[in-house]
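# Residue-level structure breakdown
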Amino acid sequence: MARNRPIATAKFRAVTLGANVSRLIVRDWIDISLSDLLRNVRSWMADHRVNGRVFSLWRLAVSCGRHTEIGYVPMGSKADDRLKDLQDVLLHAALTGRSIPGKVTGRVLHRVWRDHRIDGPRLALLQLSRRGQPVLTLDAPDQPAAYVLGRLLALLDSVQHRSSESRINRTFAARMLGGARTRPGLVLRDGLHLAESAWLPRLERRRPAAAAALRRELAAMQTLIVDETLTRPLSPAEQVLLVLGLGHQRHRLFEQQEIARAARAARGDHGPEGPDSDSRDRDSHDSGPHDSGADDPDTDDPDTDDPDTDDPDTDDPDTDDLGEQR
């Protein structure tokens, strides 16, 4: 490129080469104006921003792999089941302004159903799969039913957590997330029944004001479902909305807890549940539905996938928990 050439007329060209025995293969070719490149990169950053954070291509690629108790399976290991050309695919989408391919979205959803991990990079990839569509936020009007269902699952987890004083083997969302894909209406009905018959009455005996507020929030959120989507299995696009709603609502709940904790700290008051209540709340709203492996006697979902038996020799490359944003 000539020196001092205007960006509007400058060109960006990139070629990705590969080898096959003695042959040279052109795997990718990009030829766009530099102004388009800058616009595409800015759009990529804006489209995948999650709670004010953006992620590198490597972090996004890592999140497509299996997640174990000690973190994501390292890239290139024997247990790695990621797409082989994943980073190249993401780079091409970032530079050209295109949506990520459906195979990437499918891989992310597959891992969410298997290991129940919903963190910042995975939410970012799901948001990138919706490029060109309206941005979904918790305050947006006319929210899709699948998105609201995800929000309700997060709120039901919060009700369960508060009622049990954090002593939960496996949350409602962890047990029912798989079933929510195929029978969303039934899962929602069961969750609301448990909330009204067990969790809220239990919480009401200790904290009546909190129970009343949660009951009002559940009722208000249900009014956002205005179509018949939840009477049938969710499509792949609706499954993306389900996970996004769950992740976004969980972060909103965490923010509310942080505000309440700051207010109590300013007053020098730890609240009715003692000084450790906030740390327990923080743990309950991490990046994925809590699952310790033990069954919760309150719920049962035979359709939920069991997590994989993963290779223990793994490392977590700075995993982002939505409940622990820095």
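Residues numbered from 1 in each chain as written. Predicted model: local features only at pLDDT ≥ 70, side-chain atom pairs only at ≥ 80, totals over all residues. Heavy atoms only, no water.

- If you check an unreviewed UniProt entry, the protein chain appears there as CRISPR-associated protein (Cas_Csd1) from Actinoalloteichus hoggarensis.

## A closer look at a nonpolar patch on the surface
- Side chains of Val15, Leu17, Leu24, Val26 and Trp29 sit close together on the surface and give an oily, nonpolar patch of about 540 Å² of accessible area.
- Mapped by element, the contributors of at least two residues to the nonpolar patch are strand 1 (11-20) and strand 2 (23-33).
- Along the chain, Leu24 falls in strand 2. (Patch = residues over 30% accessible without salt bridge, like charges linked within 9 Å, V, L, I, M, F, W, Y side chains within 5 Å. Areas by Shrake-Rupley, 256 points an atom, 1.4 Å probe, with all protein chains shown as cover. Salt bridge = Lys/Arg side-chain N within 4 Å of Asp/Glu carboxyl O. Helix = DSSP H or I, 4+ residues; strand = E, 2+ residues; numbered from the N terminus.)

## Some words on the pattern of salt bridges
- In the structure shown here, the tally under the stated rule is 18 salt bridges.
- Residue Arg252 pairs with Asp139 through a salt bridge whose shortest N-O separation is 3.4 Å. One end of the pair, Arg252, is in helix 10 (residues 236-267); the other, Asp139, is in the loop between helix 5 (120-128) and helix 6 (145-163), with 113 residues separating them in the sequence.
- Exposure remark for Asp139: the relative accessible area of 63% places this residue in the exposed category.
- One salt-bridge network, in which partners are shared between bridges, spans Asp81, Arg107, Arg111, Asp115 and Arg122. (Buried < 20%, exposed > 50% of the residue type's maximum accessible area, 1.4 Å probe, protein only.)

## Considering the environment of Val112
- With respect to the secondary-structure elements, Val112 resides in helix 4 (residues 102-115).
- Put simply, Val112 and Arg66 are 46 residues apart on the chain and 9.1 Å apart in space, counted from C-alpha to C-alpha.
- Beyond its immediate chain neighbours, meaning those up to four positions away, Val112 contacts Arg117, Ile118, Arg122, Leu177 and Val243. (Contact = heavy atoms within 4.5 Å.)

## Overview of unusual backbone geometry
- Even without glycine at this site, Asn51 takes up a positive phi of about 55°.
- Among the structural elements, Asn51 can be located in the loop between helix 1 (34-47) and helix 2 (57-62).
- Even without a glycine there, the phi angle at Asp142 is positive, about 55°.

## Considerations on helix 8 (residues 184-206)
- Helix length check: helix 8 (23 residues) gives 31 Å between terminal C-alpha atoms against 33 Å at 1.5 Å per residue, within 8%.
- At Ala195, helix 8 shows its strongest bend, of approximately 45°.
- Along helix 8, the residues that are buried comprise Pro184, Val187, Leu188, Gly191, Leu192, Leu194, Ala195, Ala198, Trp199, Leu200 and Leu203.
- Structurally, helix 8 contributes buried residues whose contacts are with helix 6, helix 7 (172-182) and helix 9 (208-222). (Expected span 1.5 Å × (residues − 1). Bend = angle between axes of the 7 residues up to and from the residue.)

## Things to note about the layout of surface pockets
- Reported here for the second largest pocket is a volume of approximately 430 Å³.
- Contributing elements (two or more residues each) for the lining of the second largest pocket: helix 1 and helix 10.
- Broken down by class, the residue content of the lining of the second largest pocket amounts to eight nonpolar, seven polar and seven charged.
- Both of domain 1 (34-129) and domain 2 (145-267) provide at least three residues apiece to the lining of the second largest pocket. (1 Å grid on protein atoms, 1.4 Å probe; cavity = no way out; pocket = protein on both sides within 12 Å on 5 of 7 lines; lining within 4 Å. Points joined across faces, edges and corners; volume = space filled by probe spheres on them. Nonpolar A, V, L, I, M, F, W, Y, C, P; charged D, E, K, R; others polar. Domains from an automatic or database assignment.)

## Some remarks on the nonpolar core
- With 64 residues, the main nonpolar core has Leu125, Leu153 and Leu218 as its most contacted residues.
- No other element matches the 11 residues that helix 6 contributes to this core.
- In terms of domain composition, this core takes at least three residues from each of domain 1 (34-129) and domain 2 (145-267).
- Contact partners of Leu125, with chain neighbours within four places excluded, come to Leu60, Ser63, Cys64, Leu90, Ile100, Val104 and Val108. (Core = buried A, V, L, I, M, F, W, Y, C linked by side-chain atoms within 4.5 Å.)

## Digging into the environment of Ile100
- Following the sequence through the fold, Ile100 ends up in the loop between helix 3 (86-96) and helix 4.
- Judged by relative accessible area, Ile100 falls into the buried class, the value being 6%.
- Here the alpha-carbon distance between Ile100 and Arg130, two residues 30 residues apart in the chain, equals 8.7 Å.
- With near-sequence residues (within four places) excluded, Ile100 lies in contact with Trp44, Leu90, Ala93, Thr105, Leu125, Leu128 and Ser129.

## A closer look at the packing of helix 1 against helix 3
- Relative to each other, helix 1 and helix 3 sit at 115°, their axes nearing to 6 Å. Here Leu37, Asn40, Val41 and Trp44 of helix 1 come into contact with helix 3, specifically with Leu90, Ala93, Ala94, Leu95 and Thr96.
- Residue composition of the contact of helix 1 with helix 3, by class: seven nonpolar, two polar and no charged. (Axes fitted to C-alpha atoms, helices over the stretch in contact; angles between N-to-C directions.)

## Digging into the environment of Gln222
- Mapped onto the secondary structure, Gln222 falls in helix 9.
- For the pair Gln222 and Leu149, spaced 73 residues apart in sequence, the C-alpha to C-alpha distance is 8.6 Å.
- When residues no more than four places from it in sequence are discounted, the contact partners of Gln222 are Leu152 and Leu192.

## Regarding the packing of aromatic side chains
- Counted according to the given criterion, the structure contains one aromatic pair.
- Here Phe172 and Trp199 contribute two aromatic rings whose centre-to-centre distance is 6.0 Å and whose plane-to-plane angle is 75°, an arrangement assigned as edge-to-face. Of this pair, Phe172 sits in helix 7 while Trp199 sits in helix 8; the two residues are 27 residues apart in sequence, bridging distant segments of the chain. Each member of the pair, Phe172 as well as Trp199, carries the same accessibility label: buried. (Phe/Tyr/Trp six-rings, centres within 6.5 Å; stacked < 30°, edge-to-face > 60°.)

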